[in-house]
Amino acid sequence: MVLTTVTATSMLALTLGDSAPAAAVKMKNLDGRELAISDTAGRNGTLVIFSCNHCPYVKAWEARIAAVGNSGQGKGIGVIMINSNDPVAYPEDSFEVMQQRAKERGFAFPYVVDASSDVARAFGATRTPEAFLFDQAGKLVYHGVIDDNAEHADKVEKHYLQDALDALVAGKTPAVQETKAIGCSIKFRPKA
Amino acid sequence: MVALSVANAARSGQHGCAPRAATHGAHFVSLVTALAMLAAASTACGRREGSQPARSSAAAAAALTPITGAGVKDLIAARRGRVVLLNVWATWCDPCREEFPDLLRVRRELGPQGLDVVLISADFASQLPQVSGFLSRSGADFPTYFKTEKDEEFINALEPRWSGALPMTLLVARDGRRAGFWEGKASYQTITAKIRPLLVPQG
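For every chain, the first residue of the written sequence is number 1, and numbering continues from 1 along that sequence. All chains are assigned letters beginning at A, and all ligands numbers beginning at 1, according to the order in which they are written. Only residues with pLDDT of at least 70 get local features here, since the model is predicted, and only at 80 or more are side-chain atom pairs given and counted; chain-wide, interface and lining totals rely on the full set of residues. Just so you know, side-chain values use all the structure's heavy atoms and leave hydrogens and water out.

For salt bridges, the criterion is a side-chain nitrogen of Lys or Arg within 4 Å of an Asp or Glu carboxyl oxygen. In total, this model carries 22 salt bridges over all chains according to the counting rule given. For A:Asp31, the salt bridge is made with A:Arg33, and the minimal N-O distance between the two is 3.5 Å. Under the scheme applied here, a residue whose accessible area is under 20% of the maximum for its type counts as buried, over 50% as exposed, and between as partly exposed, the area being computed with a 1.4 Å probe on protein chains only. Judged by its relative accessible area of 60%, A:Arg33 falls in the exposed class. B:Glu109 is the salt-bridge partner of B:Arg105, the closest N and O atoms lying 3.0 Å from each other. Note that B:Arg105 and B:Glu109 are positioned in helix 5 (residues 94-110) at a spacing of four residues, about one turn of the helix. Helix numbers and strand numbers start at the N terminus; a helix is a DSSP run of H or I with at least 4 residues, a strand a run of E with at least 2.

What follows is the structure, encoded as structure tokens:
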């Protein structure tokens, strides 16, 4: 079967084994300080989550994102959540709302502003939330969703991200390394 | 259980003709009244597929039917001979809502030449009242669908290249060949430019 892509609106995402691109790009954290992905690297690996404030899928998953992120921090995984959305498109994705949301949800990890959206572009991230987990050597070992049921936390059967993180901490390769879910598309800022 | 019934509905519904699908769907779509189902059914099946879509002023509450990835495949297979534009959207997705009027316009204008438009909402079940409201406000007076399956199964059944971002659009040629796939909103001009070559009768 011939598959013809008529437009290439979706960028190529990282593939397993890739290292984090744009890892040295400084981004403003909630405390106003500049932070890069490389600054957050943990001894057991690094978790990068593209997220935002306005998206219903993010909202549905937010408490679980806080839980898995906070648990990762406690296990030697560096965690950084990145908002690449243009707040001009969504005022709810502003820095102030990020601060508010982090407080409400108890994020114990950095939540930073990708002010040009170029970090998301470099990752080939397309939607929120979208997680990228790198191992001790900085290689991508998991890419995808938080779990298999955004809508109903009580009906989750597969805790993909938590399982991948636990595997990594145990020195194993995650059993499931790539997952997908519907999500809000990232609202990229216009290119400079 | 739901998935099974839905697949059956899609299978027996053939060209998406509303009565059967609505009968099955009614068990699950409590918000769509039986009356609305009947109205939608008569609209959808009172015309031949591909005839000028009925533009009823009573456009409110056309059938909204649950569907799975397998159901979508069956539905596309049943439309062999027609060009199918399949669009997955959600009420919370701004670009989806922005694109919606153009999809309805494309359907109105190119339906008579052989285009079917299949709209599938990816909203959470708790948002179905908003989905119905949006559809009727938009004048979508033909049967549409909502996803009942887990995201990943649904995504991979429809298009393995799909990241999950919305809106997502697939074009299927008359011979069932996958003729287009894109994520994100497209303009009326872009959409029609992609569809028109596919509508040329096959010789």
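A word on the interface of chain A and chain B. The parts lose accessible area when they come together, and the size of an interface is often stated as this lost area. In this assembly, 29 residues from chain A lie in contact with 29 residues from chain B. The quantity reported as buried area is the accessible area (1.4 Å probe) lost by two parts once they are put together, taken as the sum for both. Interface area, chain A with chain B, both sides summed: about 2,500 Å², of which 53% is carbon and sulfur. Of the charged contacts, one joins A:Asp148 and B:Lys150 as a salt bridge, the two residues approaching to 2.6 Å between their closest N and O atoms. By the criterion applied in these results, polar contacts are pairs of N or O atoms within 3.5 Å in which, for protein atoms, one can donate a hydrogen and the other can accept it, and in which residues neighboring in sequence qualify only through two side-chain atoms. One can count 15 residue pairs in polar contact (both at pLDDT 80 or more) joining chain A with chain B. A total of three residues in the side of chain A that touches chain B trace back to one element, the largest contributor, which is helix 2 (residues 56-73) of chain A. Polar here means any residue other than Ala, Val, Leu, Ile, Met, Phe, Trp, Tyr, Cys and Pro, which are nonpolar, and Asp, Glu, Lys and Arg, which are charged; Gly is therefore polar. Classifying every residue of the side of chain A that touches chain B gives 12 nonpolar, 10 polar and seven charged. Two residues form a contact once any of their heavy atoms are found within 4.5 Å.

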